[in-house]
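Observations on chain architecture
Letter by letter, the chains look like this.
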Amino acid sequence: PVQEGVAKTRLSRDSLRTMIDYLAVRGRRKIALVEPASWFRKAEKEAALEDVLAEYGMRSESRWQQLEVPDTSRAMRNVAELLATDPNGPDALILYDDNAVQEAIDGIQAAGKCVGEDIELVVWGNFPWHEEYSAPVKRFGVDMWQLVRRARRYIDACRRGENPEPVIELDTLEDDSAAVR
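The paragraphs below set out a description of the structure included in this document. (Residues numbered from 1 in each chain as written. Predicted model: local features only at pLDDT ≥ 70, side-chain atom pairs only at ≥ 80, totals over all residues. Heavy atoms only, no water.)

1. Points about the overall build of the protein
Put simply, the rule is: Only DSSP runs of H or I reaching four residues or more are called helices, and only runs of E reaching two or more are called strands; each is numbered from the N terminus. To sort residues, take the accessible area from a 1.4 Å probe on protein chains only and compare it with the maximum for the residue type: under 20% means buried, over 50% means exposed, and anything in between is partly exposed. It only takes one pair of heavy atoms within 4.5 Å for two residues to be counted as in contact.
Tallying secondary structure elements over the protein gives five helices and eight strands in all. Secondary structure elements of the protein occur, N-terminal to C-terminal, as β-α-β-α-β-α-β-α-β-β-α-β-β. Residue burial in the protein is summarised as follows: out of 181 residues, 44% are buried. In the protein, 74% of the contacts between residues at least 6 apart in sequence involve partners at least 24 apart.

What follows is the structure, encoded as structure tokens:
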């Protein structure tokens, strides 16, 4: 349940489907999900991922779903390296935090794998902000300015005594031009 007076964002199944579709087109079938800090319930996220993957004939394994990774650079690098060294591991990694992309790339490369060839890296992030990375990355996300405007409207409605919907879902944006440094 959402705490009264607090709005939350949610990655919709349609947004997740957009990312999975991107991976399916590239022939990826084994999907890992990594997140530094859970921003919606773990069980809800696992169920959504399993449902969407089933639609595409893809799979994940519980050990590939790292949804409570400590929010440190070293932890993210270690998790990505462990996933990449698994001989029966994933061929794609969805990262739910664009603040940890370079660490995930470093972990994959430390395992001797090539991002984009051996393991596809897809990132959910904040638009319009954009970083340069040492390997190609596909970015999906939401417009943070739109999110701020919607959150303000939510707060204003609560102050007026209204009862607005506490979950904010936004359109998914894509970026094919993730820069490589």
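Okay, back to it.
2. Here we look at the pattern of salt bridges
Convention followed: When a carboxyl oxygen of Asp or Glu lies within 4 Å of a side-chain nitrogen of Lys or Arg, that pair is called a salt bridge.
Per the stated rule, a full pass over the model turns up seven salt bridges. Here Glu 81 and Arg 77 are joined by a salt bridge, their closest N and O atoms 3.0 Å apart. Placement of both Glu 81 and Arg 77 in helix H3 (residues 73-85) is noted, with a separation of four residues, approximately one turn of the helix. Sharing partners across several salt bridges, the network here consists of Asp 14, Arg 17 and Glu 55.

3. Observations regarding the pairing of strand E5 (residues 120-127)
The test is simple: One requirement defines pairing of two strands: DSSP has to find at least two bridges between them. When the strands point away from the viewer and the path from the first strand over the helix to the second turns clockwise, the crossover is right-handed.
Among the eight residues of E5, seven are classified as buried, and the element is accordingly described as predominantly covered. Pairing analysis gives four bridges linking strand E4 (residues 92-95) to E5, with the strands arranged parallel. Bridge pairing in E5 links Leu 93 to Leu 121. In this fold, the crossover linking E4 to E5 by way of helix H4 (residues 101-110) has right-handed handedness. Pairing geometry for E5 and strand E6 (residues 138-143), over six bridges, is parallel. Across the sheet, Phe 127 pairs through a bridge with Asp 143, a residue of E6.

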